[in-house]
Every structure is written in structure tokens, then in C-alpha cells.
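Each chain, letter by letter, is given below.
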Amino acid sequence: MVGTNLKAETMKLMDQRANTEAEMDVIIQRLCQPGGPGLSGNLVDSEGFPRTDIDIPTVRSDRRRLAELRNDHKIMTEKIDQNIQVLHSARLASTPSSVKDSDDTAVLGVQGSAVNIASSSSPDNYIATAATSSMDVDVVVSRPFAVIDEITEASPAAEDGLQLGDQVMKFGNVESGENLLQRLAAEAQTNQGCAVSMKVMRQGAIVNLQVTPRMWQGRGLLGCHFRIL
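Residues numbered from 1 in each chain as written. Predicted model: local features only at pLDDT ≥ 70, side-chain atom pairs only at ≥ 80, totals over all residues. Heavy atoms only, no water.

Draft legend 1. Summary view of the overall build of the protein. A tally of helices and strands in the protein yields four helices and nine strands. In the protein, which comprises 229 residues, the share counted as buried stands at 42%. Of the contacts made within the protein by residues no fewer than 6 positions apart, 61% connect residues no fewer than 24 positions apart. For the protein, the accessible area works out to roughly 12600 Å², and carbon and sulfur atoms hold 50% of it. (Helix = DSSP H or I, 4+ residues; strand = E, 2+ residues; numbered from the N terminus. Buried < 20%, exposed > 50% of the residue type's maximum accessible area, 1.4 Å probe, protein only. Contact = heavy atoms within 4.5 Å. Areas by Shrake-Rupley, 256 points an atom, 1.4 Å probe, with all protein chains shown as cover.)

So, in C-alpha cells, the structure goes:
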């Protein structure tokens, strides 16, 4: 019964987190639209006067709300991780030793959609099952480590399907760990002109992409900005 309640709480938190991500996406897109101030751009012009091309009170309100949402998102993610580790421990205690977790394939229902995901051996990936008499649903959570918070129009990132607010779970061989920004840059540089597999969380659903770092008219090989979570 405890496992059932914990699983229900976890799924509810996932729904709330997906809604939070959707609201964050709307704010990010509004702030980063062409001519907009971005997430941290100056609100004054080169002479130090308030910019007249933007609604400064609205921008400040959006940025403040985005900061609140990011904090809420972090708290929810930490709670989800805690619950999943508890459920995972319970599963290990009830699963025959002949069954290996690494062979599991699970389905996670998010916002009404089912996504088939093979489990990973990464320490940032958790698999948990709540055992109930009526339904046994596996939950897979692969932890995002960065978010796309800026994308330039006509850039490789934009043309290859990345969107503002995408939460990066994997970029080539980069999944988690230390020095992520440097590793992301090195991965893009090493694979210049070659398609790189990328997995992102987009409004609660996992999306697999192929992104090709390449030279273009703008800066960098992708034309987007990664913010480490």
C-alpha cells in the first residue's frame, strides 16, 4: 500500500513538473523572441537609459517568475529522485536475483503518452516499480543535466529540431558528471560535420534527435546555449 501511494505521489509530481516546464518554455520563448532581452540581457541602452523597445516591467516579472519556476522544478526533481530511489530499493527487495535490472525495458506514461525506453546503467538513471495487485507500472527517469535557454534563428540547433526549454539528457557521449560545459563544447568540436545523437526532455516527453555541429553564419557550431542544471 505504501508503495502504491508513493508511486501515485511520484506520478503526480511528474505531471506537476511537466506543467512547470511548459510554463517555463512559454516565458523563455517570450523573453528570447527576436529583438527581446533574452534571459539576462540588459534592460538599459548603451547610454544607460531604460530601453524603449521592450516592456521592462513585464520582462522583470517574467524573469522573476522564471526564477521561481526553476526553484520549484529543482525541488520537485529532487523529491521525484528520492521517491524513485525508495521504490527502486523496494523493487530490488522483491525481485528474484535471476532477474537483472539492466535487462529491463520500461514504459513511462507522461501527459497521456507512453514512451518506450531501455534502461541505462548510468547512476543518474533510476528504475522503480510499485507493486500493486491491480497494476504494475515501471517508471524510468533519466535525469537532465542542462537546459537549452537560447537558440539563434537559422542556427544548426534550430534547423535540426532543438527547441527553447529542451532539457538535455544526453549529447553524444556526454550524459552527466563534471565539467559539463567543457565536455559539451569538446563533443561538438570533435563531431563537427557529423550527426550527434541527442536525447532531450520536452514538456514531459522524451525526444531523440540527431544534431550536426557545423559552421554557419553565426557563432559556435550549434548556435544555442546550454545552461547546466
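So, next bit.
Draft legend 2. How the structure looks around the sheet that holds strand β7 (residues 196–202). Taken in spatial order, the five strands of this open sheet run β8-β7-β6-β5-β9, and their pairing is antiparallel. Each end of this open sheet is capped by a strand with a single partner; those strands are β8 (205–211) and β9 (224–228). Neighbour-to-neighbour, the strand axes of this sheet turn through a mean angle of 40°, independent of strand direction. As judged from the four bridges shared by strand β6 (residues 167–171) and β7, these two strands associate in the antiparallel manner. Within β7, the residue paired with Val168 across the bridge is Val200. Against the sheet, helix α4 (residues 180–190) touches β6 and β9, its axis set at about 150° to β9. (Pairing = 2+ DSSP bridges. Axes fitted to C-alpha atoms, helices over the stretch in contact; angles between N-to-C directions.)

Draft legend 3. Expanded view of the environment of Val44. Here Val44 lies in the loop between α1 (2–31) and α2 (56–94). Leaving out residues up to four positions away in the same chain, Val44 has contacts with Phe49, Pro50 and Arg51.

Draft legend 4. Summary view of the confidence of the model for the protein. For the protein, per-residue confidence averages 76 on the pLDDT scale, and residues scoring 70 or more make up 76% of the total. A low-confidence stretch, residues 98–141 stays under pLDDT 50, and its non-local contacts, those more than four residues away or across chains, total 93 contacts. (pLDDT = per-residue confidence, 0-100.)

Draft legend 5. Fine view of the environment of Gly36. Mapped onto the elements, Gly36 comes out in the loop between α1 and α2. In this structure Gly36 comes out as partly exposed when scored by relative accessible area, which is 27%. Each C-alpha atom of the pair Gly36 and Asp53 lies 8.5 Å from the other, and the pair is 17 residues apart in sequence. Discounting chain neighbours no more than four positions away, the residues touching Gly36 are Leu31 and Arg51.

Draft legend 6. Seen up close, the nonpolar core. Formed by 32 residues in total, the largest nonpolar core has its most connected members in Leu162, Val168, Phe171, Met198, Cys224 and Phe226. Of all the secondary structure elements, the ones that give two or more residues to this core are α1, α2, β5 (146–151), β6, α4, β7, β8 and β9. The contact partners of Leu162, leaving out residues within four places of it in the chain, are Ile151, Ala157, Met198, Val200, Arg202, Leu209, Val211 and Cys224. (Core = buried A, V, L, I, M, F, W, Y, C linked by side-chain atoms within 4.5 Å.)

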